[in-house]
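Now for the letters of each chain:
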Amino acid sequence: MEEKTSKYPLLDSIDSPADLRKLPEKQLEQLCRELRGFIIDSLANNPGHFASSLGTVELTVALHYVFSTPDDKLVWDVGHQAYGHKILTGRRDLFHTNRKFGGLKPFPSPEESEYDSFVAGHASNSISAALGLAVSANIKGNTDEHVVAVIGDGSMSGGLAYEGLNNLANTKSNLLIILNDNNMSIDKSVGGMSEVLISMHSSKAYNKIRYGIAKALRKIGILNERRANALIRFNNGLKAMLFRQNNFFEGMSARYFGPINGHNVLELVRMLRSIKDMTGPRMLHIHTVKGKGWEPAEKNATLWHQPGIFDVETGERIVSTGGTPRFQDVFGETLVELAKENERVVGITPAMPTGCSMNKLMEVFPDRFFDVGIAEGHAVTFSAGLAKGGMLPFCNIYSSFMQRGYDNLIHDAALQKLDMVLCLDRAGIVGEDGPTHHGAFDLAYLRPVPDITISSPYDECELRRLMYTAVQPGMGTFVIRYPRGKGSLADWHCPFETLEVGTGRKLTDGKDVALLTIGPLGKVMESVVEDAAAKGVSVAHYDMRFLKPIDESILREVAENFKYIVTLEDGTVKGGLGSAVAEYMANNAYSPKIKILGIPDAFVEHGTPEQLYEKCGMDKKSVLSAILEFNGVAGQ
Ligand SMILES: Cc1ncc(C[n+]2csc(CCOP(=O)(O)OP(=O)(O)O)c2C)c(N)n1
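Remember, predicted model here, so these are calculated numbers, not experimental data.

Considering all chains together, one arrives at 22 aromatic pairs under this definition. With centroids separated by 6.3 Å and ring planes inclined at 85°, the aromatic side chains of Phe 50 and Trp 294 adopt a geometry described as edge-to-face. Remark: Trp 294 occurs in the loop between β5 (282-287) and α14 (295-299) and Phe 50 occurs in the loop between α3 (28-45) and α4 (51-55); sequence separation between them is 244 residues. Using a relative accessible area of 0% as the deciding quantity, one classes Phe 50 as buried. Among the residues examined, Trp 294 registers a relative accessible area of 10% and is labelled buried.

What follows is the structure, given as structure tokens:
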């Protein structure tokens, strides 16, 4: 029988970076080809972050080749570009489980591998984290340990990255920052830093002169590879002399090298070797192409950031069409309608125009749309400034990323009672992106903030109504949170009408148990109310709609008529709707039995939303049994 030959013979021999380091340099290019092929083949069937990891193939190989991982530490920013790193660090055989329930985690995690030096998922933390690791190595006297942070130009737009850079001046620690510059965030990179970076890698004249002079000096023996440090210092000196460039990173006390081609693995290896043992903070600027090696992704990296499954033969994405629209689409369309009606309406997004559908506003009113980069805190304060200046800002932030903007909301918006709308997309369980991305905490962290409104729509029509209500005069800071994914209405385009702030509604009458829900999870539970009725338990279902101000007339009605209350929210059980109901009962001397259902007080892993709702006891079956269990108690 003929033996099947592997598509990836060299990659198959690499079970750890130690194996990689045994390869001769001349095999590295082949390894890169195989690694890229493996990522493409895997992601075609098991979807995930695609284009970013294709852009870092050569860098990943070079880093593990030159540095002694895991003793040397690699800190990946966001970590969506680290699939190659996972594959080379002993997780190749499990890579088909990536992002699946019980399988490999979506982002690097020290819980999963000793090669993952720090948690990743939220952008712009790598420099601070790596600096902390480097300083602690220094304090411990581990002077041989190297720490490397890898950060993309998109993530360099985040304020936290600058706080880390600013702190470099205080340390002589052994830190190397790799700036992986592809001029893309998920959408196009925006802002001043992206301009600075473009000017850095467009200084072609300098590169030409540099190579010309260096070649000549090498020829006459003044420079050689062994004297690489001298060569690099020469390059930097030349740059300063010729262009009097004020290098931003050097100003921040990092010695700056580059830009170099991040797809030339041998050049990367040479450069990393040259600068590896220098002391103090350094930055290597590399230039890469997002989606490198997969033509459709190179052409449209935004679409291929996270493309879903696709056909490797044709290069076509396999997308399911039809069905109800996503909440984000309804948000995007409605925002444009509101902007047409009211010229003070403006839109702000921190780097997620496509993700939250604010790109629709960008197309119609480019002057009233602001992508501020990965800068959630700034997005909130900038919106507050716009509100103070007389605009009506809609600031859209994913719920979990909003954690970065908490004080900005309290200090800059709520305290001044500014009229602005904060839309939190991806609220609740998000699925495969896991614990860094679940929008688990917003209800709980927002509820204590005075003078704000917190709401969540039951369906897409209600989203439109809430958005319309939020732009009425004097509404203050108005939060609308809604989940990832599709809604429930085929015809969502209902007419605008205002809702009375702080009011919920009774959906079904009942006498045994009161079910209080907030948001679209309530809609999902309509059939549970019917199932309970079929089992002889009569459930009164209330859609609370507002967490703050909460509808106390509903709470009073429930307190006076029911011994058993079940609350359900797509958020943590600590501090949200359930807690608000329990507080009300305690403060008003009612003592019903309350069961609070929601995301448990634990970090929830990754998986499909269905799997996770079941795991958290928030699926239909679990809610039904919680209701029936109460009734069993009632019957005793
Ligand atoms: C705090 C935060 N905000 C937003 C995101 C969503 N996000 C994930 S990757 C990404 C773009 C990152 O761009 P870059 O660092 O340049 O990496 P690239 O994908 O271009 O390689 C964004 C905005 C996030 N992960 N964390």
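As a further point, take helix α25 (residues 577-587). Among the residues of α25, those classed as buried are Leu 577, Gly 578, Ser 579, Ala 580, Val 581, Tyr 584 and Met 585. Of the surrounding elements, those touching the buried residues of α25 are β13 (513-517), β15 (546-548), α24 (552-561), β16 (564-572) and β17 (593-599).

Counting 79 residues, the largest nonpolar core has Phe 331, Phe 394, Ile 397, Ile 480, Leu 516 and Tyr 542 as its most contacted members. For this core, the element with the most residues is helix α15 (residues 327-341), which contributes 7 residues. Setting aside its immediate chain neighbours within four residues, Phe 394 contacts Phe 331, Leu 335, Leu 338, Val 345, Val 346, Gly 347, Ile 348, Met 358, Val 421, Cys 423, Met 467 and Val 471. Leu 43, Leu 54, Leu 88 and Trp 304 belong to the second-largest nonpolar core, a separate cluster that totals 53 residues.

All right, on to the pairing of β5 then. Working note: regular strand, side chains alternate between the two faces of the sheet. Summarising burial for β5: 5 of the 6 residues are buried, a large majority. As judged from the 6 bridges shared by strand β3 (residues 175-181) and β5, these two strands associate in the parallel manner. Among the inter-strand pairings, Ile 177 is bridged to a residue of β5, identified as Met 283. Note: strand β4 (residues 255-261) against β5, 5 bridges, orientation parallel. Residue Tyr 256 lies in a different strand from β5, and its bridge partner there is Met 283. For the handedness criterion, the β-α-β arrangement of β4, helix α13 (residues 265-276) and β5 is classed as right-handed.

One can describe the packing of α3 onto helix α6 (residues 83-91) by two numbers: an axis separation of 10 Å at closest approach and a directional angle of 110°. Taken together, α3 and α6 sit at an angle that is classed as roughly perpendicular. Across the interface between the two elements, Leu 31, Leu 35, Phe 38, Ile 39 and Leu 43 of α3 pack against Tyr 83, Gly 84, Ile 87 and Leu 88 of α6. Across the contact of α3 with α6, the residue classes tally to 8 nonpolar, 1 polar and no charged.

Turning our eyes to something else, we now look at the site of the ligand. Near the ligand, the surroundings consist of 22 residues, among which Ser 52, His 80, Gly 154, Ser 155 and Glu 376 are the closest. Ser 155 is positioned such that a nitrogen or oxygen atom in its side chain is 2.6 Å from an oxygen atom of the ligand. In the model, a nitrogen atom of the ligand is placed 2.7 Å from a nitrogen or oxygen of the Glu 376 side chain. In the complex, 98% of the free accessible area of the ligand, which totals 590 Å², lies under the protein chains. When its residues are assigned to classes, the shell around the ligand shows 8 nonpolar, 10 polar and 4 charged.

Looking now at the sheet that holds strand β8 (residues 392-398). Reading across from one edge, β7-β6-β8-β9-β11-β10-β15 is the order of the 7 strands in this open sheet, with mixed pairing throughout. Two strands close off the open sheet at either side, each with one partner strand: β7 (369-371) and β15. Neighbouring strand axes in the sheet, compared pairwise and without regard to direction, differ in orientation by 20° on average. Two elements, strand β10 (residues 452-455) and β15, share 2 bridges in a ladder whose sense is antiparallel. Its bridge partner being in β15, Ser 455 is matched across the sheet by Phe 546. Packing against the sheet, helix α21 (residues 460-470) makes contact with β8, β9 (420-425), β10, β11 (477-481) and β15, and its axis sits at approximately 170° to β11.

Each value, and the rule that gives it
- Numbering of residues begins from 1 in every chain and follows the order in which that chain's sequence is written.
- Whole-chain, interface and lining totals are the exception, using all residues; otherwise, since this is a predicted model, local features are given only for residues with pLDDT of at least 70 and side-chain atom pairs are given and counted only at 80 or more.
- Heavy atoms from the whole structure form the basis of all side-chain values; hydrogens and water molecules are not counted.
- Stacked, edge-to-face and tilted labels apply to pairs of Phe, Tyr and Trp rings (six-membered ring for Trp) whose centres lie within 6.5 Å, assigned for plane angles under 30 degrees, over 60, and everything in between, in that order.
- The way it works is that DSSP assigns letters per residue, a run of H or I at least four long becomes a helix, a run of E at least two long becomes a strand, and they are numbered from the N terminus.
- Each residue is assigned to one of three classes by its accessible area relative to the maximum for its type, calculated with a 1.4 Å probe on protein chains only: buried under 20%, partly exposed between the two thresholds, exposed over 50%.
- Only heavy atoms enter the contact rule, under which two residues are in contact if any of them lie within 4.5 Å.
- Definition used in this section: a nonpolar core is a set of buried Ala, Val, Leu, Ile, Met, Phe, Trp, Tyr and Cys residues joined via side-chain atoms within 4.5 Å.
- Strand pairing requires that DSSP identify at least two bridges connecting the strands.
- Consider the strands pointing away from the viewer: the crossover is right-handed when the path from the first strand over the helix to the second runs clockwise.
- Between N-to-C directions, angles span 0 to 180 degrees; the directions come from axes that are lines fitted to C-alpha atoms, helices contributing only their stretch in contact.
- Each angle is binned into one of four classes, with values under 35 degrees roughly parallel, values over 145 roughly antiparallel, values of 65 to 115 roughly perpendicular, and all other values oblique.
- Gly is placed with the polar residues, together with every amino acid not listed as nonpolar (Ala, Val, Leu, Ile, Met, Phe, Trp, Tyr, Cys and Pro) or charged (Asp, Glu, Lys and Arg).
- We call a residue near a molecule or strand as soon as one heavy atom of that residue lies within 4 Å of the molecule or strand.
- Whenever two N or O atoms come within 3.5 Å, that pair is a polar contact, provided that in protein one can donate a hydrogen and the other can accept it, and provided that, for residues adjacent in sequence, both atoms are side-chain atoms.
- Note on areas: these come from Shrake-Rupley sampling with a 1.4 Å probe, and a residue is covered only by the protein chains present in the view.

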